[in-house]
Amino acid sequence: MSDTATSTVIRRADYTPPAFLIDSVALEFDLVPERTFVKSTMRVRRNPDAAPAARLDLMGEALELVSVAIDGAPHPAHRAHEHGLTVDNVPDAFELSIESVCKPAENTTLSGLYVSSGNFFTQCEAEGFRRITYFLDRPDVMSTYTVTIRADKAAYPVLLSNGNLVEASDLPDGRHAAKWDDPFKKPSYLFALVAGKLVALEERIRTSSGKEKLLQVWVEPHDLDKTRHAMDSLIDAIHWDEERFGLELDLDRFMIVAVSDFNMGAMENKGLNIFNTKYVLANPETATDTDFANIEAVVGHEYFHNWTGNRVTCRDWFQLSLKEGLTVFRDQEFSADMQGGATDGAARAVKRIEDVRVLRQMQFAEDAGPMAHPVRPESYVEINNFYTMTVYEKGAEVVRMYQTLFGREGFRRGMDLYFKRHDGQAVTCDDFRHALADANGRDLTQFERWYSQAGTPRIAVRTAYDSAARRYAVTLSQRYGDAAPAARETQKGPLLIPFAIGLIGRDGADLPLRLEGEPAAGGTTRVLELTEAEQTFTFVDVEQPPLPSLLRNFSAPVIVEYDYTNDELAFLLANDSDAFNRWEAGQRLATRELLALAERAAANEPLSLDDSVVAAFARVLTDESLSPAFRELALVLPSEPYLAEQMAEADPAAVHMARQFVRQRLATALREEWLAVYARHETPGPFEPTPQAAGHRGLKNLALAYLAELDDPSDAIRLAVAQYDSANNMTDRAAALSALLAASATRSAAQADGALDDFYRRFEREPLVIDKWFAMQATQRGSQERPIIDTVRRLMGHPAFTLRNPNRARSLIFSFCSGNPAQFHAADGSGYAFWADQVIALDALNPQVAARLARALELWRRYTPALRERMRAALERVAAQASSRDVREIVEKALA
Ligand code: B3K
Ligand code: ZN
């Protein structure tokens, strides 16, 4: 094990302020791929609020030190070591100059300064700046930056950094220089540099105060025709933040740059956002409706960070959710407003359902496993492992609960106070909570538990109707389930849970709500505040026994336990005025059936599906008063991983069998309806990227997918071939290809193979589309005779495959390991052996990406005994061979 792999645990409780501050930095880069020379000149002073230190300790990694000078004179009292640079004998305030060299061309970690397609890019969050120069690389050290970049002009005509361009000049020997100045103080993780052969789509806009701003989306020249949607999304995001939060763009120019080698989605560097191409490039031929929506969301997310993250940043990395949870909440609201406006509840519910589905499938699972941690973690080994569903998605739910408690206006008051108090500062989650509390005159002490306790709360609901007194009592009790030990030790007491509820009468209409003690009835949805372990809320004047609609709009990230009958669920699915809960009722109904079927499948018993379930789905399918997007969501069965997670012992094969059985039953029983829906929701004419048109495409393609499940899939094949050939957009073309792949599981593979070849040839020059081509094959249904691991292994040898590009690695390897559970969890353990090989191979190149893949097995203890043992063996092999801190933390926690 190398020294960098030793597992030093960093604890929140150990936070101390930095002993020194760096007020300003002047960076000079001489860009050369093999050896880039960096000179950093810093104004350093002792921090009056910290204990005095004997020496200055700077972080540095993978650097070659050239020289150290203080106030212009060489300073020999220094020592470079594996983790950085120690400088002794420093005065109280001084100018520190450091010269060093880094090696971008050999940097496969994609953290720090690296080369992609011959261009230079940086990624500094969380701790990449230390791979560029020696620094106090922690978010509570905020400095102003000026950056001078020098490079060969022909090879790197465009030179970008944060802030404003203040100088550009030509140098001897075909080199040139650019100087950038960022007027805002920022932590080092927001530094960015880009250099290379790039072109930009440009727009000039005026912000609310009348100032003109330059917006640019930079890409490689052949991608310029795919930048319009990102630019439109950026403009929408700028206007939205002005309207909803009164927050204006503060720089004269705002740039987005796309890069194809990138570890995650995008990065909010001040004024110079760097994006994975996947979240920038789109036109109808290459991008699906989902891609378009994701681009809007991610462009919004990174832009919103300009205030929530950059202007007000995190004191330390334990506070990550301060910026991430809040910014995810903001991007969710942005997307909902773009989809449905502020008022169209049903359209907004579509976005809410999509977000909750991700939360429940991914975050609830994380919270039940060895990586369980609070929204504000207490410790970490490698911070990059804590960019998690909990910090992001559960964090966003925690922020949403403030808005649910205080309303939109109250939430806005809190935000305003937060910026008034903390603009320009590095602060904590407590500071945010205090701003919300003070602005609304509330004590939110108990609410802190949402930040400190891990695990998913369960709320058991009991109801009692007293017809003589016309009273309806709702008793809510909260507890954590059988949480993983990592979560259990954080659980100290009951939470403040906003629990939205409505009561539905016999005719399906909402009843007016009056709680005991209230003077009159008001409204039809009430947010109950559960603060105790158990509490009873009594509604009065209730004329008839109601059906409760619980946790409307998913008002808190919890699991609700209430025994509805199938008939009641069908009634809610048909009638609830809360669109989220209509969907939820259908999911509950399906989940219950599917889990019962999975148990039977595991015991080799015959399967059958209740007609009432088919009837409930048929009603949704044929109800033209519901939006197509909603119907699509309601007709998609709960995912296999989500179902497996609900079993006492997860059995992916049984879950797959049960889910396939229900899909086939719904396909067969409703064949005519699916065909009719397919025909009715075609979108002829020119492609329109609107949410409405996307809704039609989504429902139509779902119909196609169900038809492909029929024993005789000839209808699906006929429709899919025609759709593939005539498609004028990627949504339809990809859906047709998927349907052909699905139909090929029962029928001849000829059409599927032909379409796959055609697809590849057509899009050979579009890497993001080729990623789809790999992913579709990795996630396709297999069988005993045709295991998909064989396809995946074969595709690993395809000339277009490479482990070095994270998108490509994800498209094949991650898609198989996380997106094809029935095949990945093959009884012979072949999937796990493959997983171990790939984690180890990736670890040598890119620990961050390897660690993500490593997480695919973390829930191994939840599986059936035979699978569990095979998973353990694979984990142990990785534990013995992995060298990075990133992967070791994951596998060691899994095995502990
Ligand atoms: N803040 C970045 C994530 C950085 C991840 C570092 N491993 C993107 C975002 O959440 O906006
Ligand atoms: Zn973010």
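Residues numbered from 1 in each chain as written. Chains lettered and ligands numbered in written order. Predicted model: local features only at pLDDT ≥ 70, side-chain atom pairs only at ≥ 80, totals over all residues. Heavy atoms only, no water.

## What about the pairing of strand E12 (residues 142-152)?
This is how it is decided: When DSSP finds two or more bridges between two strands, those strands count as paired. Helix numbering and strand numbering both begin at the N terminus, where a helix is a DSSP run of H or I of at least 4 residues and a strand a DSSP run of E of at least 2.
The pairing of strand E2 (residues 20-30) with E12 spans 7 bridges and is parallel. Looking at the pairing, Leu27 lines up with Val147 of E12. Bridge count between E12 and strand E15 (residues 175-187): 10 bridges; the pairing is antiparallel. Residue Ile149 lies in a different strand from E15, and its bridge partner there is Ala178.

## A look at the coordination of the zinc ion (ligand 2)
Rules: Note that water is not among the atoms used; donors are N, O and S atoms within 2.8 Å of the metal (3.2 Å for Na, K and Ca), so sites may look incomplete. Relative accessible area decides the class of each residue, using a 1.4 Å probe on protein chains only: under 20% of the type maximum gives buried, over 50% gives exposed, and in between gives partly exposed.
Coordination sphere of the zinc ion (ligand 2), protein contribution only: His301 (NE2), His305 (NE2) and Glu324 (OE), at 1.9 to 2.0 Å. Sequence spacing among the residues donating to the zinc ion (ligand 2) works out to H-x3-H-x18-E. The exposure class of His305 is buried, given its relative accessible area of 0%.

## Remarks on the site of ligand 1
We count it as follows: Residue proximity to a molecule or strand is established when one non-hydrogen atom of the residue lies within 4 Å of it. N or O atoms within 3.5 Å of each other form a polar contact, as long as, within protein, one can give a hydrogen and the other can take it, and as long as residues adjacent in sequence are counted only when both atoms are side-chain atoms. Working definition of accessibility: Shrake-Rupley area with a 1.4 Å probe, residue cover restricted to the visible protein chains.
Taken together, 15 residues surround ligand 1, and among them Glu125, Glu268, Glu302, Asn384 and Tyr392 come closest. In the model, a nitrogen atom of ligand 1 is placed 2.8 Å from a nitrogen or oxygen of the Glu268 side chain. For ligand 1, whose free accessible area comes to 340 Å², the fraction covered by protein is 94%. Only strand E20 (266-267), helix H2 (289-304) and helix H3 (320-340) provide two or more residues apiece to the shell around ligand 1.

## Brief notes about helix H10 (residues 579-602)
The condition is simple: Under the convention used throughout, the expected extent of a helix is 1.5 Å for every residue step, that is, one less than its residue count.
Compared with the 34 Å implied by 1.5 Å per residue over 24 residues, the 34 Å span of H10 between its first and last C-alpha is a close match. For H10, a buried count of 17 out of 24 residues is recorded, marking the element as mostly surrounded by other parts of the structure. A positive phi of about 60 degrees marks Asn604, the residue just after H10.

## Points about the sheet that holds strand E9 (residues 93-102)
The sheet built from 8 strands is open, its strands ordered E6-E5-E9-E3-E2-E12-E15-E14 with mixed pairing. Either end of the sheet is taken by a strand with one partner, and the two such strands are strand E6 (73-74) and strand E14 (164-170). Note: E14 against E15, 6 bridges, orientation antiparallel. Directly across from Leu165, in E15, lies its bridge partner Trp180.

## Brief notes about empty space enclosed by the protein
The criterion, for reference: Using protein atoms alone on a 1 Å grid, points that fit a 1.4 Å probe yet trap it form a cavity, whereas open point sets bounded by protein on both sides within 12 Å along at least five of seven lines form a pocket; residues with an atom within 4 Å of a point count as lining. Grid points are joined across faces, edges and corners, and a volume is the space filled by probe spheres set on the points. Gly falls in the polar group here, along with every residue not listed as nonpolar (Ala, Val, Leu, Ile, Met, Phe, Trp, Tyr, Cys, Pro) or charged (Asp, Glu, Lys, Arg).
With the rule as written, the count across this model stands at 2 cavities of 30 Å³ or more. By volume, the largest cavity amounts to about 60 Å³. Lining the largest cavity are Ser321, Leu322, Val375, Gly395, Val398, Val399, Cys429, Phe432 and Tyr451. When contributions to the lining of the largest cavity are tallied by element, the ones reaching two or more residues are H3, helix H5 (389-422) and helix H6 (429-439). Take the lining of the largest cavity: its biggest share by element is 3 residues, from H5. Of the residues contributing to the lining of the largest cavity, the split by class is 7 nonpolar, 2 polar and no charged. Estimates place the volume of the second largest cavity at around 40 Å³. Ala590, Glu593, Leu594, Leu609, Val613, Phe617, Leu637, Val662 and Leu666 together form the lining of the second largest cavity. Those elements that place two or more of their residues in the lining of the second largest cavity are H10, helix H11 (611-622) and helix H14 (652-669).

## A look at the sheet that holds strand E21 (residues 272-276)
Rules: For this analysis, residues touch if any pair of their heavy atoms sits within 4.5 Å. The axes used here are C-alpha line fits, helices contributing only the stretch in contact, and every angle between their N-to-C directions lies in the interval 0 to 180 degrees.
Overall, mixed pairing links the 5 strands, which are arranged E17-E18-E19-E21-E20 in an open sheet. The open sheet has two free edges, formed respectively by strand E17 (199-206) and E20, since each of these has just one partner strand. The pairing of E17 with strand E18 (residues 212-219) spans 8 bridges and is antiparallel. If you follow Val199 over to E18, its bridge partner there is Val219. In this fold H2 packs onto strand E19 (253-259), E20 and E21, with an angle of close to 150 degrees to the strand it touches most, E21.

## Considerations on the pattern of salt bridges
We count it as follows: Salt bridges, as used here, are contacts in which a Lys or Arg side-chain nitrogen is within 4 Å of a carboxyl oxygen on Asp or Glu.
Applying the stated criterion to the full structure yields 82 salt bridges. A salt bridge links Arg400 to Glu333; the shortest N-O distance between them is 3.3 Å. With Arg400 in helix H5 and Glu333 in helix H3, the pair connects residues that are 67 residues apart, well separated along the chain. Both residues of the pair, Arg400 and Glu333, count as buried. We note a salt bridge from Glu397 to Arg352, for which the minimum N-O separation is 2.8 Å.

## A few points about the confidence of the model for the protein chain
Applied cut-off: Confidence of the predictor at the level of single residues is given by pLDDT, which spans 0 to 100.
Of the residues in the protein chain, 99% reach a pLDDT of 70 or more, and the chain-wide mean stands at 97. Low confidence marks residues 1-5, where pLDDT is under 50. Its contacts with residues over four positions away, or in another chain, come to 10 contacts.

## Topic: the packing of aromatic side chains
What characterises a pair of aromatic rings is the spacing of the ring centres plus the angle enclosed by the ring planes. Which entries qualify depends on this criterion: Pairing of aromatic rings covers Phe, Tyr and Trp, the last counted by its six-membered ring, and requires centre-to-centre distances within 6.5 Å; plane angles under 30 degrees mean stacked, over 60 mean edge-to-face, and any other angle means tilted.
All told, the structure shown has 39 aromatic pairs when counted by the stated rule. Consider the rings of Phe580 and Trp583, whose centres lie 5.5 Å apart with planes at 55 degrees: the pair is tilted. Of this pair, Phe580 and Trp583 both sit in helix H10, 3 residues apart, roughly one helical turn. Across the pair, exposure class does not vary: Phe580 and Trp583 are buried alike. On the basis of an interplanar angle of 10 degrees and a centroid distance of 4.2 Å, the ring pair of Trp674 and Tyr706 is categorised as stacked.

## Comments concerning the pairing of E19
Test applied: Look down the strands so they point away from you; if going from the first strand over the helix to the second traces a clockwise path, that crossover is right-handed.
With 7 of 7 residues buried, E19 lies mostly within the body of the structure. Along E19, one buried face is formed by Arg253, Met255, Val257 and Val259 and the opposite face, lined by Phe254, Ile256 and Ala258, is buried too. Handedness of the β-α-β unit built from E18, helix H1 (residues 228-245) and E19 comes out left-handed. As paired strands, E19 and E21 are joined by 5 bridges and run parallel to one another. Pairing of Met255 across the sheet is with Leu272, part of E21.

## Some points on the packing of helix H4 (residues 345-367) against H10
Put simply, the test is: Put simply, angles under 35 degrees are roughly parallel, angles over 145 are roughly antiparallel, angles from 65 to 115 are roughly perpendicular, and the rest are oblique. Two helices that cross are described as forming a left-handed crossing if the nearer one is turned anticlockwise from the farther one by less than a right angle, and a right-handed crossing if clockwise.
Interaxial distance between H4 and H10 falls to 8 Å at its minimum, and their mutual angle equals 45 degrees. Taken as axis vectors, H4 and H10 run oblique relative to one another. For the element pair H4 and H10, the recorded crossing hand is right-handed. Counted together, Ala346, Ala349, Arg352, Ile353, Val356, Arg357 and Arg360 of H4 and Ala579, Phe580, Trp583 and Glu584 of H10 form the full contact between these two elements.

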